[in-house]
Amino acid sequence: MKTLIQFLSWSGLVLSANLVAQEKVTAQQFVDLQEGNKPFAGFRRAHAKGACITGEFVSNGALAPYTKATLFEAGTTAFVGRFSIAGSNPTAPDLKAPVRSLALSFNLSNTEQWRVAMNTPPAMAVTNAHDFYQQIVAIKQGPDAIKAFFKEHPESKDFLNWKASYTPSSSFALEQYNSINAFYLIDNQNNKQAVRWHVMPRDNTPNTLTNSDNALFDELSSRLANGAVSFNWVFTLASNDDDETNPAVIWPSSREQVSAGVLKIKTIDTSEDARCHDINFDPLTLPTGIAATQDPILNARSAAYAESYRRRAKEKLLEALQ
Ligand code: HEM
């Protein structure tokens with residue numbers, strides 16, 4: 001159960017004592033909860049520990065019929081990204097983190113960007129921000145409350161099944177990262193197709209890990225010194241039976257998949273002034289050809305990321321002015 005508790009606090013959530021159940025959770029309340037009583041000034045309030053990466057996406061053109069996003073025309077586009085672990089502590093030990101993450105940012109033109117943030121679980125345990133918040137309240141209350149929470153939330157089934165079968169790998173390069181939330185692809189005729197995506201490791205061979213607090217980031221640095229790390233970027237197309245607004249249900253494996261191309265990660269920068277730290281990987285920063293669904297978690301994410309960004313940007317500014 002301890003592992004489950006750790007896992008469910010994957011966004012670094014720590015309950016503030018005075019918060020009570022509410023119908024609608026605000027971004028401020030979420031971020032208060034995530035940062036806990038001792039915020040780490042200048043850092044992200046979730047996924048605080050991370051390293052910046054650069055690379056390129058080589059599109060094979062297979063997704064282009066479904067979306068007018070220029071990224072998916074055949075060709076190569078550079079990106080800046082970030083590997084991270086869940087939690088609000090920027091010096092947390094890598095191997096204790098229950099969730100690992102990959103974020104990407106594409107500059108598609110002077111006016112268009114796409115920000116993508118993915119995690120290792122393929123589903124949320126709940127369907128909306130209020131229940132996610134309550135889930136954390138239950139975690140704070142202890143094992144009996146968590147048990148009772150899941151008893152009252154049968155929609156957690158897919159998440160719990162996945163968690164029971166998941167073994168963390170020995171590298172960021174060997175994990176599968178998932179969009180969790182669904183989005184729409186919009187084609188040239190403005191038809192929309194709901195999709196989720198995941199990135200899957202390609203021939204990234206296992207490596208030896210140290211016991212250091214920075215084991216995963218060190219491993220990735222030495223791996224990249226020997227060559228690029230690659231992932232296949234795969235899109236799963238929803239059928240009419242799938243509810244794209246529900247992030248707790250994993251779609252059947254029989255759904256059509258389109259492999260859109262290869263993500264090649266080439267460099268890593270673990271310094272605190274690296275480029276990606278100033279990026280807010282807001283999942284609603286979308287280019288033409290990709291649109292948000294009405295998934296309530298997706299919309300809650302955007303507001304919470306903005307609040308976290310506001311706090312850390314202000315702290316950085318105040319630090320610079322001192
Ligand atoms: C209601 C649910 C969620 C809340 C409240 C939440 C909150 C946050 C916050 C506040 C940040 C820090 C943003 C910043 O300062 O730049 C963050 C980062 C992040 N979140 Fe979430 N999150 C949620 C769900 C998700 C989901 C479903 C995913 C994965 C699909 C996800 C993936 C990430 C990643 C990868 C980062 C780090 C991005 C980076 O490297 O900067 N989050 N989250």
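For the structure, check the block above.
Now for a quick tour of the structure.

Reading the values: the criteria
Here the residue numbers are simple positions, counted from 1 along each chain's written sequence. Local features in this predicted model are restricted to residues whose pLDDT is 70 or higher, and side-chain atom pairs enter the listing and the counts only when it is 80 or higher, whereas totals over whole chains, interfaces and linings include all residues. At least two DSSP bridges between two strands are needed for those strands to be called paired. Each helix is a run of DSSP H or I of at least 4 residues and each strand a run of E of at least 2, with the numbering of both proceeding from the N terminus. Counting other C-beta atoms within 10 Å of its own, a residue is labelled buried from 20 upward, exposed at 12 or fewer, and partly exposed in the gap between, with every C-beta atom placed from the backbone.

Here's the deal with the pairing of strand β8 (residues 229–237)
Then comes step 1: Both strand β7 (residues 192–201) and β8 contribute to a ladder of seven bridges, which runs antiparallel. Paired with M200 across the bridge in β8 is N232.
Then comes step 2: Looking at chain direction, β8 and strand β9 (residues 257–269) are connected through eight bridges and run antiparallel. Across the sheet, the residue bridging to S230 is K264, located in β9.

Digging into unusual backbone geometry
Then comes step 1: In this structure, H47 is a non-glycine residue whose phi angle is positive, near 55 degrees.
Then comes step 2: As for its position among the elements, H47 is in the loop between α2 (27–35) and β1 (49–59).
Then comes step 3: What makes H47 buried here is the crowd of 29 C-beta atoms within 10 Å.

Let's talk about the environment of I139
Then comes step 1: Relative to the elements of secondary structure, I139 occurs in helix α3 (residues 129–141).
Then comes step 2: Here the alpha-carbon distance between I139 and E244, two residues 105 residues apart in the chain, equals 27 Å.

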